[in-house]
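# Structure at a glance
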Amino acid sequence: MSPLEARIGSFLYVFIFVISIILIILAVMHFVLLKFKKKYQSKEWLEKNKNRETKWNDVKELAREAGLTSIEAQRLWKICKRYKARNILVLYRDTDALNELFSTEYKRMIAKPTREEKIEIFFQIRYKLEKLHERKLTISSTKSLRKGQIVNFKTSTKATWNLRIEETNDISFSLHIPDEYDESEALPKPLSKVDLMFTLPTGFSYRTVSRLMRYERNLKNLFIAVMTHSQVIKMLQRRNTKRMNTDLECTFSAVKQKKTRKGKTEREISEKKVAGRLLDISADGCRLECSLPILKGQMLQVTFSLPSIQNAKATGIIVFTQKEETEKKFVLHVKFTDINITTRNRIYADIYKY
């Protein structure tokens, strides 16, 4: 073997040795991280540490899991310190306790001049913690649904009805069918399978298939569809903002965009106002019902009032138009493209009932 070959061989042995050491170190780090994560998720650890005050390391751990930014983590840490909050790694799993903590902080902020940007960060933290909690719960059956939940019910004619869960038990759940639908030809036949879709308050959307057992009138004389529970549930999407169902009057006007001579884009808002009904709303968009079949792509300025804000305005674009079966109604799915930060924050405040 020549000196050159010997040197190359020695180099390869050293290289392989170094790579092996690095791989061993990474494997050990991975094992330690898994053990650390398992410890902080164990029932024993949670029980032992649930009542102590939050530490900065608790906030850092939660920030990593929830995807909080460094600014959001620091803001959460200040909230926990201000109210001597019990361990946030446990507290965020308690919806009522977390709401009480954030509600108290929100009341403190609005009691004195507070920048809207700071309030916006506050609500971003609240929603991310809620999403993290829901991810941990993982819905695996329609048995997790509760009375009042709105469900998109696919009819035999492929139309979609928004129905409310009226009753639920371990065997089945029932959907309230408005009286105007009780003789509709679109009603699926008993024992047929029906596509269902629902969106939880946090914005997580799911699709499932349930078998329709029968139609009947309940003790309140409501016409209901009794459905079997399903354990086959598929998550569809995760919204960026929390939304709430509403039943409020609103108005909207068409918006046109035009180019000026200087090449800038200006918006021209029609003076004609159309009456509608707000079905749900979030800081990023809304669904509204009206009698006009307005097509996807049309821009609108929507005017609405909520408990914490009156005559709020938001400009958006229709991303989907859905035709309803009765009364020639249409549901417009609007994504906001221009909404001021104050309105966004007040929408959040109403959604969380702060």
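What counts and what doesn't
- Residues numbered from 1 in each chain as written.
- Predicted model: local features only at pLDDT ≥ 70, side-chain atom pairs only at ≥ 80, totals over all residues.
- Heavy atoms only, no water.
- Helix = DSSP H or I, 4+ residues; strand = E, 2+ residues; numbered from the N terminus.
- Buried < 20%, exposed > 50% of the residue type's maximum accessible area, 1.4 Å probe, protein only.
- Polar contact = N/O pair within 3.5 Å; in protein donor to acceptor, adjacent residues only side chain to side chain.
- Expected span 1.5 Å × (residues − 1).
- Contact = heavy atoms within 4.5 Å.
- Phe/Tyr/Trp six-rings, centres within 6.5 Å; stacked < 30°, edge-to-face > 60°.
- 1 Å grid on protein atoms, 1.4 Å probe; cavity = no way out; pocket = protein on both sides within 12 Å on 5 of 7 lines; lining within 4 Å.
- Points joined across faces, edges and corners; volume = space filled by probe spheres on them.
- Nonpolar A, V, L, I, M, F, W, Y, C, P; charged D, E, K, R; others polar.
- Salt bridge = Lys/Arg side-chain N within 4 Å of Asp/Glu carboxyl O.
- Axes fitted to C-alpha atoms, helices over the stretch in contact; angles between N-to-C directions.
- Parallel < 35°, antiparallel > 145°, perpendicular 65-115°, else oblique.
- Core = buried A, V, L, I, M, F, W, Y, C linked by side-chain atoms within 4.5 Å.

Mapped onto the secondary structure, D94 falls in the loop between helix 5 (88–91) and helix 6 (95–110). What makes D94 partly exposed here is its relative accessible area of 30%. Taking the C-alpha atoms as reference, D94 lies 10.0 Å from E130; in sequence the two are 36 residues apart. Within polar-contact distance, the side chain of D94 engages the side chain of R86 at 3.3 Å.

The subject of this paragraph is helix 4 (residues 70–82). Its 13 residues give helix 4 an end-to-end C-alpha distance of 18 Å, which sits within 8% of 18 Å, the value for a rise of 1.5 Å per residue. Buried residues of helix 4: E72, A73, R75, L76, W77, I79 and C80, and no others.

Our next topic: the environment of I121. With respect to the helices, strands and loops of the structure, I121 is situated in helix 7 (residues 116–137). The spatial distance from the C-alpha of I121 to the C-alpha of L76 is 9.7 Å, given a sequence separation of 45 residues. Once you skip the residues sitting within four places of it in the chain, I121 turns out to touch I71, E72 and R75.

Centre distance and the angle of the planes are the two values used to describe a pair of aromatic rings. Applying the stated criterion across every chain yields a total of 15 aromatic pairs. Arranged with centres 6.2 Å apart and planes meeting at 15°, the rings of F123 and Y354 form a pair that is stacked. One end of the pair, F123, is in helix 7; the other, Y354, is in the segment after helix 8 (341–352), with 231 residues separating them in the sequence. Judged by its relative accessible area of 0%, F123 falls in the buried class. On the numbers, 5.6 Å between centres and 20° between planes, the contact of Y215 with F223 is stacked. Taking the relative accessible area as the measure of exposure, Y215 reaches 21% and is therefore partly exposed. Taking relative accessible area as the criterion, F223 reaches 10% and is therefore assigned buried.

All right, on to the layout of surface pockets then. As a volume, the second largest pocket reaches approximately 580 Å³. Every residue lining the second largest pocket is counted, 22 residues in all, and those nearest its centre are N162, P178, L279, E289 and E324. If you list the elements that add at least two residues to the lining of the second largest pocket, you get strand 2 (160–168), strand 8 (243–259), strand 10 (274–282) and strand 11 (285–290). Per-element tally for the lining of the second largest pocket: the top contributor is strand 2, with five residues. The class makeup of the residues in the lining of the second largest pocket is six nonpolar, seven polar and nine charged.

In the structure shown here, the tally under the stated rule is 22 salt bridges. Among the ionic pairs, E105 bridges to R75, the shortest N-O distance being 2.8 Å. Residue E105 is found in helix 6, and its partner R75 is found in helix 4; the two are separated by 30 residues along the sequence. On the accessibility criterion, R75 (7% relative accessible area) is buried. Taken together, the shared-partner salt bridges connect R75, R82, E105 and R108 into one network.

Let us now look at the packing of helix 4 against helix 6. Across the interface, helix 4 lies against helix 6 with an axial gap of 11 Å and an inter-helix angle of 95°. Classified by the angle their axes make, helix 4 and helix 6 are roughly perpendicular. The segment helix 4 lies against helix 6, with R75, L76, I79 and R82 engaging L101, F102, E105, R108 and M109. Within the contact of helix 4 with helix 6, the residues separate by chemical class into five nonpolar, no polar and four charged.

L76, F102 and F123 are the most contacted members of the largest nonpolar core, which has 33 residues in total. Elements with a contribution of two residues or more to this core: helix 3 (56–66), helix 4, helix 5, helix 6, helix 7 and helix 8. With seven residues, helix 7 is the single largest residue contributor to this core. Non-local contacts of F102, meaning those with residues more than four positions away in its chain, are made with L76, I79, F122, I125, R126, L129 and Y354.

Moving on, we come to helix 3. Among the residues of helix 3, those classed as buried are D58, V59, E61, L62, A63, E65 and A66. Phi turns positive, to about 75°, at G67, one or two residues after helix 3.

With that settled, consider the environment of F320. Turning to its location among the elements, F320 is positioned in strand 13 (residues 309–323). Placed 23 residues apart in sequence, F320 and G297 show a C-alpha to C-alpha distance of 8.2 Å. The contact partners of F320, leaving out residues within four places of it in the chain, are V331, L332 and H333.

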